[in-house]
Amino acid sequence: MSLLADLQNINLSDSTEKIIAEYIWIGGSGNDLRSKARTLSGPVTGPAQLPKWNYDGSSTGQAPGEDSEVILYPQAIFKDPFRGGDNILVMCDAYTPGGEPIPTNKRFNAAKIFSHPEVTAEEPWYGIEQEYTLLQKDVNWPLGWPVGGFPGPQGIIYCGIGADKAFGRDIVDSHYKACLYAGINISGINGEVMPGQWEFQVGPAVGISAGDELWVARYILERITEIAGVVVSFDPKPIKGDWNGAGAHTNYSTKSMRNTGGYDVIKKAIEKLGLRHKEHISAYGEGNERRLTGRHETADINTFCWGVANRGASIRVGRDTEKEGKGYFEDRRPASNMDPIVVTSMIAETTILWKP
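Values in this document were obtained by computation on a predicted structure and should not be read as measured data.

Criteria and thresholds
- Residues numbered from 1 in each chain as written.
- Predicted model: local features only at pLDDT ≥ 70, side-chain atom pairs only at ≥ 80, totals over all residues.
- Heavy atoms only, no water.
- Core = buried A, V, L, I, M, F, W, Y, C linked by side-chain atoms within 4.5 Å.
- Buried < 20%, exposed > 50% of the residue type's maximum accessible area, 1.4 Å probe, protein only.
- Helix = DSSP H or I, 4+ residues; strand = E, 2+ residues; numbered from the N terminus.
- Phe/Tyr/Trp six-rings, centres within 6.5 Å; stacked < 30°, edge-to-face > 60°.
- Lys NZ or Arg CZ within 6 Å of the ring centre and 35° of its normal.
- Expected span 1.5 Å × (residues − 1).
- Arc of directions from axis to C-beta.
- Contact = heavy atoms within 4.5 Å.
- Pairing = 2+ DSSP bridges.
- Axes fitted to C-alpha atoms, helices over the stretch in contact; angles between N-to-C directions.
- UniProt positions renumbered as here; feature names shortened; annotations may be inferred.
- Disulfide = S-S within 2.5 Å.

> Sorry if this is basic, but what is going on with the nonpolar core here?
The tendency in soluble globular proteins is for nonpolar side chains to be buried as a group. Counting residues in each nonpolar core, the largest one holds 60 residues, and the members touching the most others are Y132, I184, I220 and F329. Take this core: its biggest share by element is nine residues, from helix α5 (residues 209-228). Within the second largest apolar cluster, 17 residues are counted, among which are I19, W53, A63 and L72.

> What is the right way to look at the packing of aromatic side chains in this model?
Geometry of an aromatic ring pair is reported as the spacing of the ring centres plus the angle between the planes. On inspection of all chains with the given rule, the structure shows 13 aromatic pairs. An angle of 25° between the planes, with centres 4.3 Å apart, marks the rings of W25 and Y55 as stacked. One end of the pair, W25, is in strand β1 (residues 19-26); the other, Y55, is in strand β3 (residues 53-56), and 30 residues separate them in sequence. Of the residues examined, W25 reaches a relative accessible area of 6% and is grouped as buried. Plain terms: the ring middles of Y73 and Y95 are 3.9 Å apart, the flat faces sit at 25° to each other, and that makes the pair stacked. Here Y73 is found in strand β4 (residues 69-79), whereas its partner Y95 is found in strand β5 (residues 88-95), with 22 residues between them in sequence. Assigned by exposure class, Y73 and Y95 land together as buried. Through pairs of rings, three or more aromatic residues link up here, namely F114, Y126, Y252 and F329. Positioned above the aromatic ring of W53, the side-chain terminus of R38 is 4.8 Å from the ring centre. Lying over the aromatic face of W125, R258 brings its terminal NZ or CZ to 3.7 Å of the ring centre.

> Looking at this structure, I do not really get helix α4 (residues 169-182). What am I missing?
In an α-helix there are 3.6 residues to a turn, and that puts residues three or four apart on one side. Along its 14 residues, α4 runs 20 Å from first to last C-alpha, staying within 8% of the 20 Å computed at 1.5 Å per residue. Taken as a whole, α4 has its buried residues at I171, V172, H175, A178, C179 and A182. Down the axis of α4, the buried side of the element spans an arc of 130°, and every buried residue falls inside it. Opposite the packed face of α4, turned more than 90 degrees from it, sit the exposed residues D170 and K177. One or two positions beyond α4, positive phi appears at G183, with a value near 100°.

> I keep staring at the environment of P146 and nothing clicks. Help me out?
Tracing the chain through its elements places P146 in the loop between β7 (141-142) and α4. Among the residues examined, P146 registers a relative accessible area of 40% and is labelled partly exposed. Residues contacting P146, with those up to four places away along its chain left out, are W141 and P151.

> Sorry if this is basic, but what is going on with the sheet that holds β4 here?
Across a sheet, strands are paired by hydrogen bonds formed along the backbone, either parallel or antiparallel in direction. Spatially, five strands are ordered β2-β1-β5-β4-β3 in an open sheet, and the strand pairing comes out mixed. The open sheet is flanked by β2 (33-40) and β3, the only strands paired with a single partner. In this sheet, neighbouring strand axes are inclined to one another by 40° on average, regardless of whether the strands run parallel or antiparallel. Bridging between β1 and β5 involves four bridges; their strand directions are parallel. When the bridges of β5 are listed, I24 appears paired with M91.

> Just checking my understanding: could you explain the UniProt feature "domain: GS beta-grasp" (unreviewed entry) in the chain for this structure?
Mapped onto this structure's residue numbering, the UniProt feature "domain: GS beta-grasp" (unreviewed entry) falls at residues 19-99. Secondary structure across residues 19-99 divides into 0% helix and 48% strand, with the first and last C-alpha atoms of the span separated by 27 Å.

> Can you walk me through the state of the cysteines in this structure?
Covalent bonding between the sulfur atoms of two cysteines defines a disulfide. This model, assessed by the stated rule, comprises zero disulfides. Cysteine C159 is unpaired, with the sulfur of C179 as its nearest cysteine sulfur at 18 Å.

Given below as C-alpha cells:
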C-alpha cells in the first residue's frame, strides 16, 4: 500500500504531459492569501500562456453574493516547490467580469506607476526584509516560549544558535530552499531579536517583481508552516511590552542614486518622503502604531527623521553609501504586514514622479 507521502511525491512527468498550476491571489482583508489549483495541458513559460480563471468573491469579502464572480488574471509564475516537476505557482490579481480591477486589487495602479517612462528609466531596485513570528498553533504564543510565560530577556537570541535560542530553524531553512527552488530572489535569512521571530530578505528585485516575489515567498512560508503545524504571524507587534516588533524594512535605489553623484539624489528623495510622511504611514501596514514607538529600533510614528547608520530613524543611510557618494537607503517604517506592491510603488511614485 502506498503511503500518503508517496502519493504526494508522484512525478507526473512519468505518465502525463499535464501539469498543475496553483493560482494565488490576495483576499478581501488585503493580507490573507488564497489559492486553488487547476490542470493544464502542458508546461508553460510565462503568464501570458495561462488562462484567466474565476472564484467566488462573496466567500473572500470581495464581491456580493448576488454577483460573486471575480476573475483572476495571471501576472507571474514560479516553480512549485511542493509538487515539483513542471508544476507552477501563479501570482494573480483580481478583476470584475467587465475587466475593472476590484477595490482590493492594488497591483493594477502599481503597474501603471512602474510602467511610467520616468520610472522605467530609473530602474528602481528593492530589497525587502520580511520579519515574521512563529506561533504555537493551539495557544497562539511564540514558538519556544513557555505556555503562558516568558523566556529570558531578548538580545541573546539575535542570529543565535542552539536549542535554547533558535526556535523553528527547520521551517526557516525549508522556506529558504523552497524559495530558491521557486525562482524567488531570496537573498538571506536570520534569527531576529525576539525569540521565535525570524527574517528573510527578497531582492534586489526590479520594479513590480519585488512585490510579486514577496507575496509568493509569504505564500510558500504559510504552506510550510501549515505542514509543520505552526502558525506564522505578520503582526507588527505580536507581543506587548518590552519586545521588538516586526517590520518589513524596504531598501531602495534608482539608477541615478547608484551612479556618481547619487548621494545628492538620495537626500532629495528622502526630503520628498518626509513631506509625504503621513500618506506613507497610512499605507505602510495595519497596527504599525503599536510598533513605531521610538523604542526597539524604531522612530516614533508621528516623527520623520533620517540618519547614517541610525536604526532609530525613519530612513537609514548606510555608511558605505555615505562614503562612496552613491548607493541606496532603507525605509524602516513599513510594518511586517504591509502590502509590498503598495509600498514599493508608493516609494517610486513619491521619489520619482511626485513634484512637491
